[in-house]
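Residue strings, one per chain:
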Amino acid sequence: WRVDAIVFLCVLITISHAFQKDSAHLCLVITISVCALVVEQLSIQLGSTHCHEDALLMITPCSSVNSVLFYIPWIYSSVIFAERWQTRTGCEKYITAARVGAFNLVFGVGYEMLGPSMKWWKYNPNDVAGSFRDRIFGFPVVAFHFHSAFGAAFYLAMHFAQFRISSSPSFSLKSSLLTIMLTMPIALAMNVPVVLLQAIGVSQYAAVPVVIASLFFLPQILVPAYTTHRADTSLVVMCALWHIFMITAPTWAPASSPVPHDCWLLVCCLALWCLSFHLTQTPTLKANCLKCS
């Protein structure tokens with residue numbers, strides 16, 4: 001019930017934020033919800049990748065309502081925060097997509113790492129299509145890449161579908177449906193570098209970090225970005241509540257399956273990293289100088 005409670009709370013904060021903005025933001029929440037439902041059902045029913053433990057509300061066996069609703073604050077906050085940063089290049093949308101992928105990783109991967117130990121869900125013990133070969137803390141290493149790739153893919157799908165929520169909002173049923181339809185194909189395409197590295201004998205333990213760094217973090221290092229937007233209080237609070245929950249969750253882990261200390265430490269580090277991303281989104285002299293230069 002604790003996971004249900006924190007997910008529902010984060011969803012309420014996210015929806016409240018969308019209501020305070022405009023219809024484009026509300027449409028974004030709905031689009032994320034439908035996309036999440038499709039992805040979760042495809043993964044569970046067709047891919048047999050994982051199975052969620054029984055929650056307060058279940059959609060189907062192995063698919064809990066909280067696992068689908070989690071996507072709403074996860075993707076929404078990543079998109080909103082990433083769009084606040086700007087670059088002076090012609091490939092801004094692609095840099096922003098990389099930033100969404102980075103936010104997605106640091107926001108959601110703590111939840112991913114704690115899941116097996118906390119008995120929130122269990123992964124298929126078998127190797128699924130060569131993707132579950134290497135694991136850490138009980139979950140597939142490739143799950144790290146999925147978190148980044150899914151966020152970046154969703155944002156790129158929005159871009160290709162002309163679904164905009166920033167200065168000139170533009171959305172429609174067509175753009176929403178296109179975003180949903182394009183997200184998974186783009187995410188799967190982003191997995192090709194990992195597959196190619198595996199094909200030449202590189203383990204997932206090495207391939208996944210290299211691809212994540214190259215696709216989602218290196219572009220942000222190479223292309224300077226600036227922001228003149230103040231931190232969005234409600235979303236920062238939502239992220240803080242989420243990470244506080246993840247940091248404290250191991251204290252009530254099942255005695256038969258305690259959370260490894262190094263896993264807990266990594267969750268704490270990622271939580272602090274994510275919050276630092278959000279809290280640095282305030283006007284600075286450097287940002288103003290970059291904008292005027």
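Residues numbered from 1 in each chain as written. Predicted model: local features only at pLDDT ≥ 70, side-chain atom pairs only at ≥ 80, totals over all residues. Heavy atoms only, no water.

(A) Structural detail: the overall build of the protein chain. What the protein chain contains, in helices and strands, is twelve helices and eight strands. When burial is assessed residue by residue, the protein chain has 52% of its 293 residues classed as buried. Taking contacts inside the protein chain between residues at least 6 apart in sequence as the whole, the part at least 24 apart equals 76%. Carbon and sulfur atoms form 68% of the exposed surface of the protein chain, whose accessible area is close to 13200 Å². (Helix = DSSP H or I, 4+ residues; strand = E, 2+ residues; numbered from the N terminus. Buried < 20%, exposed > 50% of the residue type's maximum accessible area, 1.4 Å probe, protein only. Contact = heavy atoms within 4.5 Å. Areas by Shrake-Rupley, 256 points an atom, 1.4 Å probe, with all protein chains shown as cover.)

(B) Expanded view of the packing of helix α1 (residues 2–21) against helix α4 (residues 71–83). Look at α1 against α4: their axes get within 9 Å of each other, and the N-to-C directions meet at 40°. As the angle between them shows, α1 and α4 are arranged oblique. α1 and α4 meet at a crossing whose hand is left-handed. Between α1, through Cys10, Val11, Thr14, His17 and Ala18, and α4, the contact on the second element is made entirely by Ile72, Pro73, Tyr76 and Ile80. In terms of residue class, the contact of α1 with α4 is made up of seven nonpolar, two polar and no charged. (Axes fitted to C-alpha atoms, helices over the stretch in contact; angles between N-to-C directions. Parallel < 35°, antiparallel > 145°, perpendicular 65-115°, else oblique. Left-handed = near helix turned anticlockwise from the far one by under 90°. Nonpolar A, V, L, I, M, F, W, Y, C, P; charged D, E, K, R; others polar.)

(C) Structural view of the pattern of salt bridges. Following the criterion strictly, the structure yields one salt bridge and no others. A salt bridge links lysine 93 to glutamate 83; the nearest nitrogen and oxygen atoms lie 3.9 Å apart. With a gap of ten residues between them, lysine 93 in helix α5 (residues 92–118) and glutamate 83 in helix α4 connect regions that are remote in the sequence. Classification of glutamate 83 by relative accessible area gives buried; the value is 19%. (Salt bridge = Lys/Arg side-chain N within 4 Å of Asp/Glu carboxyl O.)

(D) How the structure looks around the packing of aromatic side chains. Summed over all chains, the structure comprises 15 aromatic pairs. Cluster of aromatic residues (ring-pair linked, three or more members): Phe70, Tyr71, Trp74, Phe107, Tyr111, Trp120, Phe146, Phe150, Trp242 and Phe245. (Phe/Tyr/Trp six-rings, centres within 6.5 Å; stacked < 30°, edge-to-face > 60°.)

(E) Quick peek at the state of the cysteines. All told, the structure shown has zero disulfides when counted by the stated rule. Here cysteine 263 is not cross-linked by a disulfide; its sulfur's nearest cysteine counterpart is in cysteine 268, at 9.5 Å. For cysteine 269, which is in no disulfide, the shortest distance to another cysteine sulfur is to cysteine 268 and amounts to 6.9 Å. (Disulfide = S-S within 2.5 Å.)

(F) Structural detail: the side chain of glutamate 83. Here the side chain of glutamate 83 touches tyrosine 155 through a polar contact of 2.6 Å, side chain to side chain. Once you skip the residues sitting within four places of it in the chain, glutamate 83 turns out to touch Lys93, Thr96, Tyr155, Ile165 and Ser166. (Polar contact = N/O pair within 3.5 Å; in protein donor to acceptor, adjacent residues only side chain to side chain.)

(G) Region of interest: the side chain of serine 175. Tracing the backbone through its elements, the reader meets serine 175 in helix α7 (residues 173–189). Under the relative-accessibility criterion, serine 175 is labelled buried at 3%. Residue contacts for serine 175: discarding those within four places in its chain leaves Ala161, Gln162 and Phe163.

(H) Fine view of helix α10 (residues 233–248). Compared with the 22 Å implied by 1.5 Å per residue over 16 residues, the 22 Å span of α10 between its first and last C-alpha is a close match. Along α10, the residues classified as buried are Leu235, Val236, Met238, Cys239, Ala240, Trp242, His243, Phe245 and Met246. (Expected span 1.5 Å × (residues − 1).)

(I) Representation of unusual backbone geometry within the structure. The backbone of glutamine 162 sits at a positive phi, close to 60°, despite the residue not being glycine. Taking the relative accessible area as the measure of exposure, glutamine 162 reaches 56% and is therefore exposed.

(J) Region of interest: helix α2 (residues 23–46). With 24 residues, α2 extends 34 Å between its outermost C-alpha atoms, agreeing within 8% with the 34 Å of an ideal straight helix rising 1.5 Å per residue. The backbone nitrogen of alanine 24 has a side-chain oxygen 3.1 Å away, supplied by the residue at the start of α2, namely aspartate 22.

(K) Examining the nonpolar core more closely. Within the largest apolar cluster, 84 residues are counted, with the highest numbers of intra-cluster contacts made by Leu28, Val79, Met113, Leu114, Trp120, Phe144 and Trp242. With twelve residues, α5 is the largest single contributor of residues to this core. In this view, methionine 113 contacts Phe137, Phe139, Phe144, Cys263, Leu266, Val267 and Leu270; residues no more than four positions away in its chain are not counted. (Core = buried A, V, L, I, M, F, W, Y, C linked by side-chain atoms within 4.5 Å.)

(L) The arrangement of the environment of valine 68 in detail. Mapped onto the fold, valine 68 is located in helix α3 (residues 65–69). With 30 residues separating them along the chain, valine 68 and valine 38 place their C-alpha atoms 9.2 Å apart. What valine 68 contacts, discounting residues up to four positions off in sequence, is Ser33, Ala36, Leu37, Glu40 and Ile59.

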